[in-house]
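So you can see what is in the structure, the chains are spelled out below.
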Amino acid sequence: MMRPFMRCIDVNSEQCPCLLSDTNHCFMCSQLKGEAVCNCDWTGQCILHEKRWKAPRKPSDAPCRREVESTLVIKRQVNEHTYIVETEVGLELAEQLNKIGSFIFMRRVDDPEMCNFPVGIMNVKRGTLTMAIETIGPKSSRLFMPLEARVLLRGPYLNGVFGQPWIDSTKYGTILAAVGGLGQSNALMLAKAILANGNKATFVIAPGQAGSIFVADELQAMGVEVISVSSMRREGFAKLQELFSDKVDLLLSAGPDDLHNGLIATMHESGYNFPMAVTNNATMCCGEGICGSCAKKTKDGVWIRTCKVQLDFNQLENSH
Ligand SMILES: Cc1cc2nc3c(=O)[nH]c(=O)nc-3n(C[C@H](O)[C@H](O)[C@H](O)COP(=O)(O)OP(=O)(O)OC[C@H]3O[C@@H](n4cnc5c(N)ncnc54)[C@H](O)[C@@H]3O)c2cc1C
Ligand code: FES
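Residues numbered from 1 in each chain as written. Chains lettered and ligands numbered in written order. Predicted model: local features only at pLDDT ≥ 70, side-chain atom pairs only at ≥ 80, totals over all residues. Heavy atoms only, no water.

- With an unreviewed UniProt entry as reference, the protein chain is termed FAD-binding FR-type domain-containing protein, source organism Anaerosporomusa subterranea.

Written as structure tokens, this is what we have:
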């Protein structure tokens, strides 16, 4: 039975209690929301206790993520607008980013802070990050002027995948994934996590807007069964429908929200309702629950900041 859940991705991390707790906007702790009594169901370290322990605190002393300067090295050009890049950030930050859903905010070193934009971590090897970047608008396009630019990377941020508790709790099971376009940049980290839990993994991958499948060899070398299709809508969903009749413990969707919604519709049409984890495609500016650019409404009418809140994609108003 799938139960709705909501928790802060940063709870009990070195970022917690964050700035939101100063103004009664922590959504985990009832008392740090301004209520008189404790009625949270969090079983970890008490956020209110941590807050009082660390008080008084000046806003400038609030926890902040590391910012690292590095050079972007282009390893491969996937299409006219998409590059696979590597950059060296040191062992500590790289290790913190070696998780599903991890991302950083990045900008060119001489650009103002408003140019920061989120980029997911495709792979981590020792102190080196691999990322796939599509130059789609003003912020991402600035990165490659000049081609191998000096950049600032701020992180770690960890809420790039919704439904992470399903991934953590699925062990020795069968996991199916639909992966489309630039969503491929999430595939290696997802595969690492699910294979480490002894699961069997089948990934159906379509080139989408990226125009090519660029993770198949690495996934196969890790032990993932890869089924490449020319189009998810025309070919991939039918393939997945066939695979639904085998035992499936978890469904993953890595790509745009249209892919998530198409997959949910296909699953429901086939009479199934598997737990799902999907990539988070919100527009993000701060990553700290402050600016509001990533806010989305749940089906219960509650506005949440999706850079901080970990939930099931199905709980969001506009999900299928
Ligand atoms: C958690 C997370 C991880 C991401 N990882 C990557 C990555 O690994 N590589 C990469 O190239 N991009 C990634 N993105 C998307 C990237 O951050 C946006 O494309 C970028 O902010 C666009 O900025 P821009 O100024 O270049 O374009 P804008 O002018 O801001 O946007 C151009 C177009 O892209 C759309 N767009 C904006 N944000 C997103 C988004 N989050 N998802 C899909 N479309 C969007 C806009 O609606 C618009 O149509 C990620 C986004 C998030 C939230
Ligand atoms: S990105 Fe600023 S509140 Fe989420």
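1. Focus on the site of ligand 1
So, point 1. Close contacts around ligand 1 come from 20 residues, with Pro118, Ala132, Glu134, Lys139 and Ser140 the closest.
So, point 2. Pro138 places a polar main-chain atom, nitrogen or oxygen, 3.4 Å from an oxygen atom of ligand 1.
So, point 3. Here an oxygen atom of ligand 1 sits 2.8 Å away from a polar atom, N or O, in the main chain of Lys139.
So, point 4. Residue assignment for the shell around ligand 1 shows that the elements contributing at least two residues are strand 6 (117–120), strand 8 (128–134) and helix 3 (138–142).
So, point 5. For the shell around ligand 1, the leading source of residues is strand 6, giving four residues.
So, point 6. Residues belonging to the shell around ligand 1 are distributed by class as follows: eleven nonpolar, seven polar and two charged. (Near = heavy atom within 4 Å. Polar contact = N/O pair within 3.5 Å; in protein donor to acceptor, adjacent residues only side chain to side chain. Helix = DSSP H or I, 4+ residues; strand = E, 2+ residues; numbered from the N terminus. Nonpolar A, V, L, I, M, F, W, Y, C, P; charged D, E, K, R; others polar.)

2. Here we look at unusual backbone geometry
So, point 1. Across the junction of Cys16 and Pro17, the peptide omega takes the value 0°, indicating a cis bond.
So, point 2. By secondary structure assignment, the location of Pro17 is in the loop between strand 1 (6–8) and helix 1 (47–54).
So, point 3. Note the cis peptide between Gly155 and Pro156, where omega equals 5°.
So, point 4. Assignment of secondary structure puts Pro156 in strand 9 (residues 150–157).
So, point 5. Non-glycine residue Asn12 carries a positive phi angle of around 65°.
So, point 6. Following the sequence through the fold, Asn12 ends up in the loop between strand 1 and helix 1.
So, point 7. Phi angles above zero are rare outside glycine, and Arg126 is one such case at about 50°.
So, point 8. In this structure Arg126 comes out as exposed when scored by relative accessible area, which is 69%. (Buried < 20%, exposed > 50% of the residue type's maximum accessible area, 1.4 Å probe, protein only.)

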